[in-house]
Amino acid sequence: MPPLKVHHLQYSQSERIPWLLHELALTNQPIPYELIIHRRAPYFSPPALVALHPMKAAPVLEDGPLILAESGAIIEYVLDTHAPSSTLKLRPNQPGYTNYLFWFHWANANLQPCIMRCVTLVRTGLPDSHPAKVGVVERLHTALAFLDAHLREDGVEWLAGPEGGFSAADIMMVFL
Ligand SMILES: N[C@@H](CCC(=O)N[C@@H](CS)C(=O)NCC(=O)O)C(=O)O
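The shown structure was predicted, so the numbers you read here are calculated from the model rather than taken from an experiment. (Residues numbered from 1 in each chain as written. Predicted model: local features only at pLDDT ≥ 70, side-chain atom pairs only at ≥ 80, totals over all residues. Heavy atoms only, no water.)

Section: the pattern of salt bridges
Moving on, step 1. Going through the model one piece at a time under the given rule, you end up with four salt bridges.
Moving on, step 2. Residue K89 pairs with E76 through a salt bridge whose shortest N-O separation is 2.7 Å. Here K89 is found in the loop between α3 (71-82) and α4 (97-124), whereas its partner E76 is found in helix α3, with 13 residues between them in sequence.
Moving on, step 3. Residue E76 is classed as partly exposed on the basis of its relative accessible area of 24%.
Moving on, step 4. Taking the shortest distance from any N to any O, the salt bridge between K89 and D80 comes out at 3.0 Å.
Moving on, step 5. Judged by relative accessible area, K89 falls into the buried class, the value being 11%.
Moving on, step 6. In this structure, a network of salt bridges that share partners links the residues E76, D80, K89 and R91. (Salt bridge = Lys/Arg side-chain N within 4 Å of Asp/Glu carboxyl O. Helix = DSSP H or I, 4+ residues; strand = E, 2+ residues; numbered from the N terminus. Buried < 20%, exposed > 50% of the residue type's maximum accessible area, 1.4 Å probe, protein only.)

Comments concerning the site of the ligand
Moving on, step 1. As a matter of local geometry, the ligand sits amid 14 residues, with S45, A58, E70, S71 and N108 nearest to it.
Moving on, step 2. Here S45 contributes a backbone N or O atom positioned 2.8 Å from an oxygen atom of the ligand.
Moving on, step 3. For the ligand, a nitrogen atom lies 3.0 Å from a polar atom in the side chain of E70.
Moving on, step 4. Surface burial for the ligand is 78%, taken as the share of its 510 Å² of free accessible area covered by protein chains. (Near = heavy atom within 4 Å. Polar contact = N/O pair within 3.5 Å; in protein donor to acceptor, adjacent residues only side chain to side chain. Areas by Shrake-Rupley, 256 points an atom, 1.4 Å probe, with all protein chains shown as cover.)

Points about the pairing of strand β1 (residues 4-9)
Moving on, step 1. The buried count for β1 comes to five of six residues, which makes it a mostly enclosed element.
Moving on, step 2. Of the pairings in the sheet, the one linking β1 to strand β2 (residues 33-38) comprises six bridges and is parallel in character. Opposite V6, over in β2, you have L35 as the bridge partner.
Moving on, step 3. Read as a crossover between parallel neighbours, the route from β1 over helix α1 (residues 16-26) to β2 is right-handed.
Moving on, step 4. Strand direction decides the pairing type here: β1 and strand β3 (residues 60-63), joined by three bridges, are antiparallel. Looking across to β3, one finds that H7 is bridged to V60. (Pairing = 2+ DSSP bridges. Right-handed = clockwise from strand over helix to strand, strands pointing away.)

What about the sheet that holds β2?
Moving on, step 1. A sheet is described by the order of its strands in space; here four strands give the open sequence β2-β1-β3-β4, paired in mixed fashion. Each having just a single partner strand, β2 and β4 (66-69) make up the two edges of the open sheet. The average angle at which neighbouring strand axes cross in this sheet is 20 degrees, direction not considered.
Moving on, step 2. Against the sheet, α1 contacts β1 and β2, and its axis sits at roughly 135 degrees relative to β1.
Moving on, step 3. Lying on the sheet, α3 is in contact with β1, β3 and β4; it crosses β4 at an angle near 130 degrees. (Axes fitted to C-alpha atoms, helices over the stretch in contact; angles between N-to-C directions. Contact = heavy atoms within 4.5 Å.)

The values reported here are purely geometric and, on their own, carry no functional implication.
What follows is the structure in structure tokens.
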């Protein structure tokens, strides 16, 4: 089987995919892959990355003829099709499953937009008292407090909770 090709953009949430593959190798489930690191040009994707997928963003995975974007989809695909026995993805019959499911999706569907709205509004130079800025900053604080509260619960070392252990939900939470 030809190695997977992992397209990673420097300093970005596409870090999740090399991290996932590294964790699989550490747990004796190495998946052959080629890591292609793209440099920002100067902020957005360079032409070689733009050419790969209509969304012009990283990460992008190539598996033979398949071209797949979206870090969450890539993680699920790699675990389901290349490492089905990995403990990094929790299944419905396993303890910690609903925590795993929730935090895996919350990372990209909730926290990530909160952070991006803040970053964007800060760059507009609006005064801190502007209601739009106050609103997005409050929402980010709410999100981070919610995450902290979960991680402060007894026995919760990883996002999937005391029984779930380290999982792909922790990997999804990375934001660079
Ligand atoms: N929701 C997507 C986000 C993809 C995305 O926006 N990637 C950024 C890096 S964090 C990117 O490629 N930025 C360069 C650009 O948009 O030109 C995912 O999780 O894969």
